[in-house]
2 protein chains.
Amino acid sequence: MSLTDLSPLEVAKAASISSRNLAVLPTQARDDALTAIHGALQEAKDTILAANAKDLELATKAAEDGELSQSVLKRLDLGRRGKWEDMLQGILDVRDLEDPDWYETVNKITLRTRLDDGLELERFTCPIGVLLIIFEARPEVIANIASLAIKSGNAAILKGGKETTLSFRAISTIISNALTNTLVPNASIQLVTARDLIASLLDLDKYIDLVIPRGSNELVRYIKNNTRIPVLGHADGLCSIYIHKDADPEMAVKILIDAKLGYPAACNAVETLLVDEAALSTTLPPVASALLMKGVSLRCDTESKRALFTVLPKNEALILQDATEEDYTTEFLAPILAIKTIPTPPNVSPSTSCSLAIAHINAHSSKHTDAILTSSPEIANQFQSGVDSACVFWNTSTRMADGMRFGFGTEVGISTNKIHARGPVGLEGLMIYKYRINGSGQVAGDYGEGGKRWRHERLPLDG
Amino acid sequence: MSLTDLSPLEVAKAASISSRNLAVLPTQARDDALTAIHGALQEAKDTILAANAKDLELATKAAEDGELSQSVLKRLDLGRRGKWEDMLQGILDVRDLEDPDWYETVNKITLRTRLDDGLELERFTCPIGVLLIIFEARPEVIANIASLAIKSGNAAILKGGKETTLSFRAISTIISNALTNTLVPNASIQLVTARDLIASLLDLDKYIDLVIPRGSNELVRYIKNNTRIPVLGHADGLCSIYIHKDADPEMAVKILIDAKLGYPAACNAVETLLVDEAALSTTLPPVASALLMKGVSLRCDTESKRALFTVLPKNEALILQDATEEDYTTEFLAPILAIKTIPTPPNVSPSTSCSLAIAHINAHSSKHTDAILTSSPEIANQFQSGVDSACVFWNTSTRMADGMRFGFGTEVGISTNKIHARGPVGLEGLMIYKYRINGSGQVAGDYGEGGKRWRHERLPLDG
């Protein structure tokens, strides 16, 4: 890793050249580099924590002046209990992701076809190339992302939030020195610190293959509007939970509390609650009570407010709010929940209500994560097939949408894209493939009308 | 299919709604729609060929006035021997792509993990959603693309080259009528004809998930510069062949003739020939002779020209041309070949020359298809690992890069992207996945510090 004074073009070119060398290194060499980074960071703990303390000092002042939120401030502190240890353990965890059935590894064959005698087609996995990763002011993330990039054989250009500049510089210097004694090229991981370099980097689609922004909606939108490079990530996390009429009330209470309050600022927190008309007086009241007791503001449509008003104690009923149309497209990132009633007309099948919930979600959600609470497997299946989101959950919390919880070890982010990788993106999302044909002099003109016939015979992958 | 007078926004919204219904149709319903389209086109042969004849008449006039190239004119004629039959057969071929090991099908499970007891994660395939496909003036392509879209469960908005407007209108009317009696929603396939609608459609990233342009470099670049929607395709097909010093001369002649002259205007035709210094007097002369005899212009660097000059007959040697740096980044799409010498310094290993060839290709090629001719498996492997292109071939022609030849049945195009799909893109490239979790009330807060532990146990895919 180098902390660089190079121009954006020089940075991108260096990354591109490094990526070619990195891509052909054996797994052991990439793993050795992670071991070296881990050891070097361990040794330099005091230096890094001292740099972090200075970041924290400046940020605390900015927070006192009202220029920085407390939540950003909290994330800066690498000295908080367990954070340093988790960061270091994360490097080893990524290094040890080895099961080729779980994780795409470089050179894994995923298709083999005998086109003709002595003419075999193979598709095999390889790294994407050069990643540009723009992330928030969380000092531990630089080590996570550097590990994932090296493990997957991709070169990475990193730009972290400015509030942690001193921590990033300290960490990147240590990583850079550690790489010097490994086979991983130093420019495989480069840190840029000036924010005004981003615009220039976004123009370098000749050298940069993928941009992964982690940050505010505004940042992600700015990036999508200003580059030809593919962008992987999400601008919004507008997640919904739909309570079908046969949902278990106790389960609904537990799941809503977790989904709304586990971490309200997270992209996988629930923002909209859809409630079957038939559940307004059964499942909704205990859910609403529990949320209100925990300080959640409920923004209700007319039907749900009317239903709750008649059953909730007065002190709770009086603090119910009215929802506007805008509330159903708002990512609150706060203890606020928009509630909408899904009609259950008499004499229609339960699948009709589910269809209406699906239609609402497909029109309003951000294709991140949506969940249904129901005791019917058929209705759950209808929901999971019909909802066009990366994650479609049944009887569990939207907060489950997370690479670590999915068993991916770690993640570079959560994608709401419709191509390449959706949902939590781990190592696999940083891989792609290429095709090789091993021939013995055959040419295209040998085949077709009047010529030889293709065999197109599928071969076992482990041959 | 509807030939539409709707606004771009209305077209995109209709496609989006149709895509939800199409995505949950059973395979049989989608296959039945293809059968219906096939039958209806068969019946309407005369009407369609009459419309095509009018297109041809107008185009012939434009060609006479010098406004249209002969090669475009040739492609317009749906009445040419075999073309109509191939178009119809193509629909049935796509319908019958059924082997789930070969082709991703909707609802194929690709990952199963037990996160905990009664908490299972599954990843399953699904269509991408809405495709915007912009293609050249080839009347048969509309039927191919409509088939691939329906088979893969994607809605598609189609815009074809203007020279075939009457043919497209006739075909789309027939397809539209045929769909009326099937479960596939009519707006799943919509044809737009006015070119000025493209700009508006490119702005509708809320409804359109992927743009697939097939056409000139300028068109592809324009699209990439003017949309936030991911673009799948290629602007350039700058393919190279590297003749290693131990290449078989006879094989080299055959492969170069095929790669350069099989179809010089194709994106998989070879444009640059890299020759090991050690092969300048052995393999290059017969290759150069054969190409010159077939009318190919050879643009040589100093070393290759000097070498050829001494061994070729005078009439051939005198027509050798000098290459400029620009020739090595030019997609000629014509019987022209740029030749460059790769130094083989004495006393270095053969892998050094191969490294230099790889470096040239990675710096100059368009990441489409590159090939090596060598008798050494080690050198071939070095080349195929090191060259960062979608297709890396050994001892065969670059012209092999083609969906039909790969056994994919057909293709929507060839991708030089680094993410999602590379090389010939068939059904698989039009699919993506989503994650479902089937739970029983578990929430994220149950796990982690002091709580339950994740099981993260991999399950068989066919359970």
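Source: prediction; values computed, not measured. (Residues numbered from 1 in each chain as written. Chains lettered and ligands numbered in written order. Predicted model: local features only at pLDDT ≥ 70, side-chain atom pairs only at ≥ 80, totals over all residues. Heavy atoms only, no water.)

## Section: the packing of aromatic side chains
Alright, step 1. Summed over all chains, the structure comprises 16 aromatic pairs over all chains.
Alright, step 2. Centre to centre, the rings of Tyr433(B) and Tyr435(B) are 5.5 Å apart; their planes meet at 70 degrees, and the pair counts as edge-to-face. Per residue, the accessibility class of Tyr433(B) equals that of Tyr435(B), and both read buried.
Alright, step 3. Grouping aromatic residues by their ring pairs yields a cluster made of Phe393(A), Phe406(A), Phe408(A), Tyr433(B) and Tyr435(B).
Alright, step 4. The positively charged end of Arg436(A) is found above the aromatic ring belonging to Phe124(A), 3.9 Å away from the centroid.
Alright, step 5. For Lys340(B), the ring lying beneath its charged end belongs to Tyr328(B), and the centroid distance is 5.0 Å. (Phe/Tyr/Trp six-rings, centres within 6.5 Å; stacked < 30°, edge-to-face > 60°. Buried < 20%, exposed > 50% of the residue type's maximum accessible area, 1.4 Å probe, protein only. Lys NZ or Arg CZ within 6 Å of the ring centre and 35° of its normal.)

## Concerning the nonpolar core
If you look at soluble globular proteins, the nonpolar side chains tend to sit buried side by side.
Alright, step 1. In terms of nonpolar packing, the biggest core is built from 202 residues, with Leu41(A), Leu256(A), Leu273(A), Leu298(A), Leu41(B), Leu273(B) and Leu298(B) touching the most fellow members.
Alright, step 2. In contact with Leu298(A), not counting residues within four places along its chain, are Ala288(A), Leu291(A), Leu292(A), Leu320(A), Gln321(A), Leu337(A) and Ile339(A). (Core = buried A, V, L, I, M, F, W, Y, C linked by side-chain atoms within 4.5 Å. Contact = heavy atoms within 4.5 Å.)

## Structural notes on unusual backbone geometry
Excluding glycine, residues mostly carry a negative phi; peptide bonds, for their part, are mostly trans.
Alright, step 1. Positive phi outside glycine occurs at His456(A), with the angle close to 45 degrees.
Alright, step 2. Position of His456(A) relative to the elements: it lies in the loop between strand S17 (431–438) and strand S18 (457–458).
Alright, step 3. In this structure, His420(B) takes a positive phi of about 65 degrees despite not being glycine.
Alright, step 4. Tracing the chain through its elements places His420(B) in the loop between strand S15 (413–415) and strand S16 (423–425).
Alright, step 5. Judged by its relative accessible area of 11%, His420(B) is buried. (Helix = DSSP H or I, 4+ residues; strand = E, 2+ residues; numbered from the N terminus.)

## Some remarks on the environment of Ala149(A)
Residue and element names in this part refer to chain A.
Alright, step 1. Position of Ala149 relative to the elements: it lies in helix H6 (residues 141–152).
Alright, step 2. Residue Ala149 is classed as buried on the basis of its relative accessible area of 1%.
Alright, step 3. As a C-alpha pair, Ala149 and Pro127 span 22 residues in sequence and 9.2 Å in three-dimensional space.
Alright, step 4. Those residues in contact with Ala149, other than ones at most four positions away along the chain, are Asn154, Ala156 and Ile189.

## Focus: the interface of chain A and chain B
Alright, step 1. Contacts between chain A and chain B engage 80 residues on the former and 79 residues on the latter.
Alright, step 2. Approximately 6,800 Å² of surface area, both sides summed, lies buried where chain A meets chain B, with 56% of it carried by carbon and sulfur atoms.
Alright, step 3. Taken together, the links from chain A to chain B amount to eight salt bridges.
Alright, step 4. A salt bridge links Arg123(B) to Glu428(A); the shortest N-O distance between them is 3.0 Å.
Alright, step 5. Taken together, the links from chain A to chain B amount to 47 residue pairs in polar contact (both at pLDDT 80 or more).
Alright, step 6. In terms of residue count, S17(A) provides more of the side of chain A that touches chain B than any other element does, seven residues in total.
Alright, step 7. Among the residues making up the side of chain A that touches chain B, the classes are represented as 35 nonpolar, 22 polar and 23 charged.
Alright, step 8. In terms of strand pairing, S17(A) meets strand S14 (residues 391–394) of chain B through four bridges, oriented parallel. Following the sheet pairing, Arg436(A) is matched in S14(B) by Val392(B). (Buried area = accessible area lost by both parts, 1.4 Å probe. Salt bridge = Lys/Arg side-chain N within 4 Å of Asp/Glu carboxyl O. Polar contact = N/O pair within 3.5 Å; in protein donor to acceptor, adjacent residues only side chain to side chain. Nonpolar A, V, L, I, M, F, W, Y, C, P; charged D, E, K, R; others polar. Pairing = 2+ DSSP bridges.)

## Observations regarding the domain arrangement of chain A
Alright, step 1. By domain assignment, chain A separates into domain 1 (2–101 + 126–225) and domain 2 (239–406).
Alright, step 2. For domain 1 of chain A versus domain 2 of chain A, the separation of C-alpha centres amounts to 37 Å. (Domains from an automatic or database assignment.)

## Quick word on the pattern of salt bridges
Alright, step 1. A full pass over the atoms with the stated rule returns 58 salt bridges over all chains.
Alright, step 2. A salt bridge links Lys260(A) to Glu271(A), with the shortest nitrogen-to-oxygen separation between them at 3.0 Å. On the criterion of sequence distance, the pair formed by Lys260(A) in helix H10 (residues 249–261) and Glu271(A) in strand S9 (residues 270–276) is long-range, its members being 11 residues apart.
Alright, step 3. According to the relative accessible area criterion, Glu271(A) is buried, its value standing at 0%.
Alright, step 4. Between Arg112(B) and Glu120(B) there is a salt bridge, with its nearest N and O atoms 3.1 Å apart.
Alright, step 5. By relative accessible area, Arg112(B) is classed as buried at 8%.
Alright, step 6. Under the relative-accessibility criterion, Glu120(B) is labelled partly exposed at 23%.

## Quick notes on the packing of helix H11 (residues 284–293) of chain A against helix H12 (residues 302–311) of chain A
All names here are of chain A.
Alright, step 1. Where H11 contacts H12, the two axes come as close as 10 Å, and the packing angle between them is 80 degrees. On the basis of the axis angle, H11 is roughly perpendicular to H12. Judged by residue contacts, Leu284, Pro285 and Ala288 of H11 engage Ser304, Leu308 and Val311 from H12. (Axes fitted to C-alpha atoms, helices over the stretch in contact; angles between N-to-C directions. Parallel < 35°, antiparallel > 145°, perpendicular 65-115°, else oblique.)

## Details of the sheet that holds strand S14 (residues 391–394) of chain A
Alright, step 1. Reading across the sheet, the 11 strands line up as S11(A)-S10(A)-S12(A)-S9(A)-S8(A)-S13(A)-S14(A)-S17(B)-S3(B)-S2(B)-S18(B) and stay open at both edges, with mixed pairing between neighbours. Each edge of the open sheet carries a strand with a single partner, namely strand S11 (321–322) of chain A together with strand S18 (457–458) of chain B.
Alright, step 2. Where strand S3 (residues 119–127) of chain B lies against strand S17 (residues 431–438) of chain B, eight bridges are found, and the strand directions are antiparallel. If you follow Leu121(B) over to S17(B), its bridge partner there is Ile437(B).
Alright, step 3. Running over the sheet, helix H14 (residues 350–364) of chain A touches strand S8 (239–243), S9, strand S12 (336–342) and strand S13 (369–373) of chain A and is turned about 155 degrees from S9(A).

## Here's the deal with the environment of Ser353(A)
All names here are of chain A.
Alright, step 1. Following the sequence through the fold, Ser353 ends up in helix H14.
Alright, step 2. Overall, Ser353 belongs to the buried group, its relative accessible area being 1%.
Alright, step 3. Distance in space between the C-alpha atoms of Ser353 and Glu277 is 8.8 Å, their sequence separation being 76 residues.

## Focus on the confidence of the model for chain A
Alright, step 1. Across chain A, the average pLDDT comes to 92, with 98% of residues at 70 or higher.
Alright, step 2. With a pTM of 0.93, the predicted complex shows an ipTM of 0.93. (pLDDT = per-residue confidence, 0-100.)

## Digging into the relation of the copies chain A and chain B
Alright, step 1. At an RMSD of 0.0 Å, chain A and chain B line up after a rotation of 180 degrees and a shift of 0.0 Å along the axis. Such a turn and shift between the copies fits a two-fold axis. Among all residues of chain A, the one whose C-alpha sits closest to the rotation axis is His420(A), at a distance of 1.9 Å.
Alright, step 2. When the interface residues of chain A are mapped onto chain B, 99% of them again fall at the interface, so both copies present the same face. (Least-squares fit on C-alpha atoms with pLDDT ≥ 70 in both.)

## Some points on the sheet that holds S18(A)
Alright, step 1. Pairing is mixed in the open sheet, where 11 strands are placed in the order S18(A)-S2(A)-S3(A)-S17(A)-S14(B)-S13(B)-S8(B)-S9(B)-S12(B)-S10(B)-S11(B). At either end of the open sheet lies a strand with only one pairing partner, and these are S18 of chain A together with strand S11 (321–322) of chain B.
Alright, step 2. Where helix H15 (residues 377–386) of chain B meets the sheet, it contacts strand S3 (119–127) and S17 of chain A together with strand S8 (239–243), strand S13 (369–373) and S14 of chain B, and its direction lies at approximately 145 degrees from that of S17(A).

## Brief notes about the UniProt feature "domain: Aldehyde dehydrogenase" (unreviewed entry) in chain A
Alright, step 1. What UniProt calls "domain: Aldehyde dehydrogenase" (unreviewed entry) maps, in this numbering, to residues 127–282 of chain A.
Alright, step 2. Helix makes up 36% of residues 127–282 of chain A and strand makes up 19%, while its end C-alpha atoms are separated by 52 Å. (UniProt positions renumbered as here; feature names shortened; annotations may be inferred.)

## Thoughts on the packing of helix H2 (residues 27–43) of chain B against helix H6 (residues 141–152) of chain B
Helix-helix packing: each pair is described by the crossing angle between the helix axes and the interaxial distance.
Residues and elements named next belong to chain B.
Alright, step 1. Two elements in contact, H2 and H6, have axes separated by 8 Å at closest approach and are oriented at 160 degrees. Relative to H6, the element H2 lies roughly antiparallel. Crossing angle aside, the handedness with which H2 passes H6 is right-handed. Of the residues in H6, those in contact with Arg30, Asp31, Ala33, Leu34, Ile37 and Leu41 of H2 are Ala143, Ser147, Ile150, Lys151 and Ser152.
Alright, step 2. Here the contact of H2 with H6 is built from residues that sort into six nonpolar, two polar and three charged. (Left-handed = near helix turned anticlockwise from the far one by under 90°.)

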